[in-house]
Amino acid sequence: MTQRVAFVTGAMGGLGTAICQGFAKDGYKVVAAYHPEFDNKDEWLKEMAAEGFKDFVCVAGDVSSIEDCQKMVAEAEANAGPVDILVNNAGITRDKMFAKMEKDQWDAVISTNLTSLFNMTKQVSAKMAERGWGRIINISSVNGVKGQAGQSNYSAAKAGVIGFTKALAQELATKGVTVNAIAPGYVATKMVMAIREDILKSIVDTIPMKRLAKPEEMGGLCSYLASDLAGYMTGATLNINGGLYLQ
Ligand code: CAA
């Protein structure tokens, strides 16, 4: 079998890094997509190489732009081959109580965290269906499932991710392409560490496991969803949140 190609957006963030490393260990060719304004790419590549991950193909683009997504996927196909596994992971926060939230904070989060799924998935899903195999993994959030004060934009986008996942899963169910979502809880990444210390402490106090998740605990689930063994799972939202919210 030829080496499968996995395309990960937001690849150089905390979660993205763990997902890329997991996929590399699984033997996939990994395409690491990053925002053109991310200025630590060389440092990231050095760190990866020092940890033994030397073969990442990097592509730059803004996932909220469909033109950028077209270009990134074309570049990935040219340098790595057709995309078999897509992880829609790129995401941002612009936390504000709704009363104080500005329209640009709403728009930025919806376009980066939700419209990006249209932009990226559009580039690969029909080709996966034609080839009869594919995996689309969308990163939602516990806060898309339960809602979070201060995150009406983010909760709306991440709930949208779940709706998108369920609809597309049905459309692709007979084509060998699965579509699933992961709803992580609070993971020890830059995004979470940016929460004010006292607020973060009070959040951790409400988590039954009394700790943040490790990024690799999310990477492990992505590896499973991307595998052949997960072939019968589609349209699912997998909660992985230390018991913070139980459905
Ligand atoms: N429920 C209801 N009301 C709340 C509340 C809550 N959980 N938290 C705060 N409030 C109220 C406060 O009591 C306060 O009310 P008064 O003005 O009447 O006193 C008002 O809302 C303002 O609260 P803050 O003082 O906290 O306001 P702020 O402007 O300083 O901060 C905030 C607002 C930035 C949204 C801050 O509350 C915050 O960071 N909250 C955490 C949000 C969060 O969990 N973000 C997750 C980021 S990580 C991530 O998103 C990854 C993932 O997927 C999990």
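**Q** What is the right way to read helix 4 (residues 103-131) from this model?
**A** Count 3.6 residues to each turn of an α-helix, and residues three or four apart come out pointing the same way. End to end, helix 4 covers 41 Å across 29 residues, agreeing with the expected 42 Å (1.5 Å per residue, within 8%). At Thr 121, helix 4 shows its maximal kink, close to 45°. Directly after helix 4, the chain includes Gly 132, whose backbone phi takes a positive value near 80°.

**Q** Which parts of the structure should I look at to understand the packing of aromatic side chains?
**A** Remark: the centre distance and the inter-plane angle together describe each pair of aromatic rings, the angle taken between the planes. This structure, assessed with the given rule, holds three aromatic pairs. Seen from their ring centres, Phe 23 and Tyr 28 are 5.5 Å apart, and the 70° between their planes marks the pair as edge-to-face. Tyr 28 matches Phe 23 in its accessibility class, with the two residues each being buried. Both rings, one in Phe 53 and one in Phe 56, keep their centres 6.1 Å apart while their planes meet at 5°; by these two values the pair is stacked. Phe 56 matches Phe 53 in its accessibility class, with the two residues each being buried. Members of the aromatic cluster, joined through ring pairs, are Trp 44, Phe 53 and Phe 56. Against the face of Trp 133 rests Arg 4, its NZ or CZ located 3.5 Å from the ring centre.

**Q** How do you make sense of helix 9 (residues 215-226) when you look at a structure like this?
**A** For helix 9, built from 12 residues, the straight-helix expectation of 16 Å at 1.5 Å per residue is met to within 8% by its first-to-last C-alpha distance of 17 Å. Considered for burial, the residues of helix 9 that qualify are Pro 215, Met 218, Gly 219, Leu 221, Cys 222, Ser 223, Leu 225 and Ala 226. Of the surrounding secondary structure, the elements contacted by the buried residues of helix 9 are helix 1 (14-25), strand 4 (85-88), strand 5 (134-139), strand 6 (177-184) and strand 7 (237-240).

**Q** Help me understand the nonpolar core in this model?
**A** A general trend in soluble globular proteins is that nonpolar side chains are found buried together. Within the largest apolar cluster, 29 residues are counted, with the highest numbers of intra-cluster contacts made by Phe 23, Ile 85, Val 87, Ile 137 and Cys 222. Those elements that place two or more of their residues in this core are strand 1 (5-8), helix 1, strand 2 (29-34), helix 2 (41-50), strand 4, strand 5 and helix 9. At five residues, helix 9 tops the list of elements feeding residues into this core. What Cys 222 contacts, discounting residues up to four positions off in sequence, is Ile 19, Phe 23, Val 87, Ile 137, Ile 139 and Ile 182. Listed in part, the 24 residues of the second largest apolar core include Cys 69, Ala 90, Met 120 and Val 177.

**Q** Would you mind showing me how to read the site of the ligand here?
**A** Surrounding the ligand, one finds 19 residues, the nearest of these being Asp 95, Ser 141, Gln 151, Tyr 154 and Tyr 186. Tyr 154 is positioned with one of its side-chain polar atoms (N or O) 2.7 Å from an oxygen atom of the ligand. Between an oxygen atom of the ligand and a side-chain N or O atom of Arg 196, the distance comes to 3.3 Å. Isolated, the ligand exposes 1100 Å² of accessible area, and the fraction of that covered by the protein chains is 55%.

**Q** Teacher, can you tell me more about the packing of helix 3 (residues 66-79) against helix 4 here?
**A** Where helix 3 meets helix 4, the axes come as close as 8 Å, and the angle between the chain directions of the two elements is 40°. Between helix 3 and helix 4, the angle falls in the class oblique. Of the two possible hands of crossing, helix 3 and helix 4 adopt the one that is right-handed. Judged by residue contacts, Ile 66, Cys 69, Gln 70, Met 72, Val 73 and Glu 77 of helix 3 engage Phe 118, Asn 119, Met 120, Gln 123, Val 124 and Lys 127 from helix 4. Tallied by class, residues from the contact of helix 3 with helix 4 come to seven nonpolar, three polar and two charged.

**Q** Teacher, can you tell me more about the pairing of strand 6 here?
**A** Where a strand is regular, its side chains alternate between the two sheet faces. The buried fraction of strand 6 is high, at eight of eight residues. The alternating pattern of strand 6 places Val 177, Val 179, Ala 181 and Ala 183 and Thr 178, Asn 180, Ile 182 and Pro 184 on opposite faces, both of which are buried. In this sheet, strand 6 lies alongside strand 5 in parallel orientation, the contact comprising six bridges. The residue of strand 6 that forms the bridge with Ile 137 is Asn 180. As defined by bridge partners, strand 6 adjoins strand 7 across four bridges and the pair is classed as parallel. Looking at strand 7, one finds that Pro 184 is bridged to Ile 240.

Conventions used here
- Residues numbered from 1 in each chain as written.
- Predicted model: local features only at pLDDT ≥ 70, side-chain atom pairs only at ≥ 80, totals over all residues.
- Heavy atoms only, no water.
- Helix = DSSP H or I, 4+ residues; strand = E, 2+ residues; numbered from the N terminus.
- Expected span 1.5 Å × (residues − 1).
- Bend = angle between axes of the 7 residues up to and from the residue.
- Phe/Tyr/Trp six-rings, centres within 6.5 Å; stacked < 30°, edge-to-face > 60°.
- Buried < 20%, exposed > 50% of the residue type's maximum accessible area, 1.4 Å probe, protein only.
- Lys NZ or Arg CZ within 6 Å of the ring centre and 35° of its normal.
- Contact = heavy atoms within 4.5 Å.
- Core = buried A, V, L, I, M, F, W, Y, C linked by side-chain atoms within 4.5 Å.
- Near = heavy atom within 4 Å.
- Polar contact = N/O pair within 3.5 Å; in protein donor to acceptor, adjacent residues only side chain to side chain.
- Areas by Shrake-Rupley, 256 points an atom, 1.4 Å probe, with all protein chains shown as cover.
- Axes fitted to C-alpha atoms, helices over the stretch in contact; angles between N-to-C directions.
- Parallel < 35°, antiparallel > 145°, perpendicular 65-115°, else oblique.
- Left-handed = near helix turned anticlockwise from the far one by under 90°.
- Nonpolar A, V, L, I, M, F, W, Y, C, P; charged D, E, K, R; others polar.
- Pairing = 2+ DSSP bridges.

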